[in-house]
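# Structural features, examined
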Amino acid sequence: MDEEYDVIVLGTGLTECILSGLLSVEGKKVLHMDRNDYYGGESASLNLTQLYKKFRAGQEPPSSLGRDREYNVDLIPKFMMASGELVKILTHTDVTRYLEFRQIDGSYVYRSGKINKVPSNEVEALTSPLMGFFEKRRAKKFFEFLQNWKDEDPSTHQGLDLDRDTMEEVYTKFGLEPGTKDFVGHAMALYLDDSYLNKPAREAYERIVLYITSMARYGKSPYIYPLYGLGELPQGFARLSAIYGGTYMLDKKIDEIIYDDNGVFQGVKSEGETVRAKQVIGDPSYFSDKVRKVHQVVRAICLLQHPIPNTNNADSIQIVIPQNQIGRKNDIYIACVSAAHNVCAPNYYLAIVSTIVETGNPEAEIKPAMDLLGPVTEKFVSISDLEEPKEDGSKDQVFISRSYDATSHFESVCDEVKDVYKRVTGHELVLTKRLRQEEEQAEMAA
């Protein structure tokens, strides 16, 4: 281990594995290390034995739950937008060749004590109980405005400026009711709270259009999910990194991170050996002195023996509970997948509830979501610190990612990848379709 690398990556969470893959493809010499003996770090998918070992040390899983290998339980549940940034990254790097995806059945939103499907087309919109007759007409005009908007054509702007006017002003222009704002802002634009209402409308416009275009790709919902769980994603990027010369070391204890006299990163000491590099990327757990806690996230992993009630027996769904529906500051998310996605035994469903902690009793905070699930066979609750780096890494060449948030989609993870990538390389991540490696080799040989 006396080699020198361009970059050492610590931790095999999805953010770190994507960055490792991207940098390897660009010709960087990357060494990737993790103290765990499995891929994924905080975003791993665990089998039944690993799940019980993590949450109930010393307790064996009951045989009634099925076989160990039938389970791939995500510690942090997230779905992919069909037209979102993660799909673009997967396509850009050709990691799609290692993965198989299945569509998520439906997207739901909680309103006035009930869950309702977010309309996926005009026919559903016309019959949806989320809006009354006149509100449907107003909403139709609102969505037509968004889809017809062209920056260069003022005739499509209806007197609005997305870079100046707030989203609240856009809603007001179309006379939308509070309930409609709720499901548009939280179940479509996927905001965690209502602070977006007082910011320029551009970002919300882009998020809503992303939802609509993702929905248009497959129909039932805008989300897709990898078979065998999210743990497949870090492994896919690890394989990509390895193809391009990256070196992986799992189950590797990190004894010390070494700095020079000016506090600039020099290398990592592991099991008596030192390996050197110009830069280091890692998750917050490797740099406790360089991160600060900003929130906590509570998550409940629940095994059910039935689909979630009132969802038309869907084998997979997302439910968003907007914060002001239940008197909170932050939304609650429910992500549900099933045996159809090869993540649990036949006739079982896996529902994961998550939100940002606001009180001293986190489990009581997720009760509104738990009440929607029906009888729960097994429940595993965790409370994690949500941490962020104190500095951007330019001084010490230590580039730390943020912890995974409470959202049940990947858009915030992709923002994080792009942010760390820019900090490390000094330039923006530009996503284009890459040639496969064998095509590149054939081109070089020609």
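Right above here is the structure, for reference.
First, a word on what this report is: a plain description of the structure on this page. (Residues numbered from 1 in each chain as written. Predicted model: local features only at pLDDT ≥ 70, side-chain atom pairs only at ≥ 80, totals over all residues. Heavy atoms only, no water.)

Check the secondary structure of the protein chain and you find 13 helices and 19 strands. Relative to a compact globule of 446 residues, whose C-alpha radius of gyration would be 22 Å, the protein chain shows 23 Å and is just as compact. Overall size of the protein chain, expressed as C-alpha extent along the three principal axes, is 70 × 60 × 50 Å. Split into buried and exposed, the 446 residues of the protein chain put 55% on the buried side. Sequence separation of at least 24 residues holds for 71% of the intrachain contacts in the protein chain that already meet a minimum separation of 6. As presented, the protein chain carries roughly 19500 Å² of accessible surface, and 47% of it is formed by carbon and sulfur atoms. In the protein chain, which carries 52 positive and 68 negative side-chain charges, the distance between the mean positions of the two groups comes to 4 Å. (Helix = DSSP H or I, 4+ residues; strand = E, 2+ residues; numbered from the N terminus. Rg over C-alpha atoms; globule rule 2.2 N^0.38 Å. Buried < 20%, exposed > 50% of the residue type's maximum accessible area, 1.4 Å probe, protein only. Contact = heavy atoms within 4.5 Å. Areas by Shrake-Rupley, 256 points an atom, 1.4 Å probe, with all protein chains shown as cover. Lys, Arg positive; Asp, Glu negative; His and termini not counted. Charge placed at Lys NZ, Arg CZ, Asp CG, Glu CD.)

For the rest of this paragraph, the subject is the packing of helix 5 (residues 133-148) against helix 6 (residues 167-174). Their axes nearest at 9 Å, the elements helix 5 and helix 6 cross at an angle of 130°. What the angle tells us is that helix 5 and helix 6 run oblique. Of the two elements, helix 5 crosses helix 6, and the hand of that crossing is right-handed. Facing Arg138, Lys141, Phe142 and Phe145 of helix 5, the residues of helix 6 in contact are Met167, Val170, Tyr171 and Phe174. When grouped by side-chain class, the residues that make up the contact of helix 5 with helix 6 number 6 nonpolar, no polar and 2 charged. (Axes fitted to C-alpha atoms, helices over the stretch in contact; angles between N-to-C directions. Parallel < 35°, antiparallel > 145°, perpendicular 65-115°, else oblique. Left-handed = near helix turned anticlockwise from the far one by under 90°. Nonpolar A, V, L, I, M, F, W, Y, C, P; charged D, E, K, R; others polar.)

Overall, the coordinates contain 14 aromatic pairs when judged by the stated rule. Geometrically, the ring pair formed by Tyr52 and Phe380 is edge-to-face, given 5.2 Å between the ring centres and 80° between the ring planes. Linking Tyr52 in helix 2 (residues 48-55) with Phe380 in strand 18 (residues 378-389), this pair joins segments that are 328 residues apart in sequence. Take Tyr52 and Phe380: they sit in the same class, and that class is buried. Arranged with centres 5.8 Å apart and planes meeting at 90°, the rings of Phe79 and Tyr225 form a pair that is edge-to-face. With Phe79 in the loop between strand 4 (73-74) and strand 5 (80-81) and Tyr225 in strand 9 (residues 223-226), this pair connects stretches of sequence that are 146 residues apart. Residue Phe79 shares its accessibility class with Tyr225, and that shared class is buried. Aromatic ring contacts, followed pair by pair, group Phe142, Phe143, Phe145, Trp149, Tyr171, Phe174 and Tyr205 into a single cluster. The ring of Tyr5 has Lys29 sitting right over it, with the charged end atom 5.1 Å from the ring centre. (Phe/Tyr/Trp six-rings, centres within 6.5 Å; stacked < 30°, edge-to-face > 60°. Lys NZ or Arg CZ within 6 Å of the ring centre and 35° of its normal.)

Turning next to the state of the cysteines. Taken as a whole and assessed by the stated rule, the structure comprises 0 disulfides. Residue Cys17 stays outside any disulfide, its sulfur separated by 14 Å from that of Cys414, the closest cysteine. The thiol sulfur of Cys302 is not disulfide-bonded, and the nearest other cysteine sulfur, from Cys336, lies at 9.8 Å. (Disulfide = S-S within 2.5 Å.)

Once that is clear, we can look at the nonpolar core. General note: in soluble globular proteins, nonpolar side chains tend to be found buried as a group. Formed by 96 residues in total, the largest nonpolar core has its most connected members in Phe142 and Ile208. Not counting chain neighbours up to four residues away, the residues in contact with Ile208 comprise Phe142, Phe143, Leu146, Met167, Val184, Met188 and Ala189. Among the nonpolar cores identified, the runner-up in size contains 24 residues, and Ile308, Ile332, Ala369 and Leu373 belong to it. (Core = buried A, V, L, I, M, F, W, Y, C linked by side-chain atoms within 4.5 Å.)

Here we come to helix 3 (residues 85-93). When you tally the buried positions in helix 3, you get 7 out of 9 residues, the bulk of the element. Listed as buried for helix 3 are Glu85, Leu86, Val87, Ile89, Leu90, His92 and Thr93. Phi for Asp94, located one or two positions after helix 3, is positive at around 65°.

Judged by pairing direction, the sheet is mixed, and its 7 strands sit side by side in the order 8-7-15-16-17-14-18 without closing on themselves. At either margin of the open sheet sits one strand with a lone partner, and together these are strand 8 (114-117) and strand 18. Strand-to-strand twist across the sheet, computed as the mean angle between neighbouring axes with direction ignored, equals 20°. Pairing of strand 7 (residues 106-111) with strand 8 involves 4 bridges; the strand directions are antiparallel. In the strand pairing of strand 8, Tyr110 is matched with Ile115. (Pairing = 2+ DSSP bridges.)

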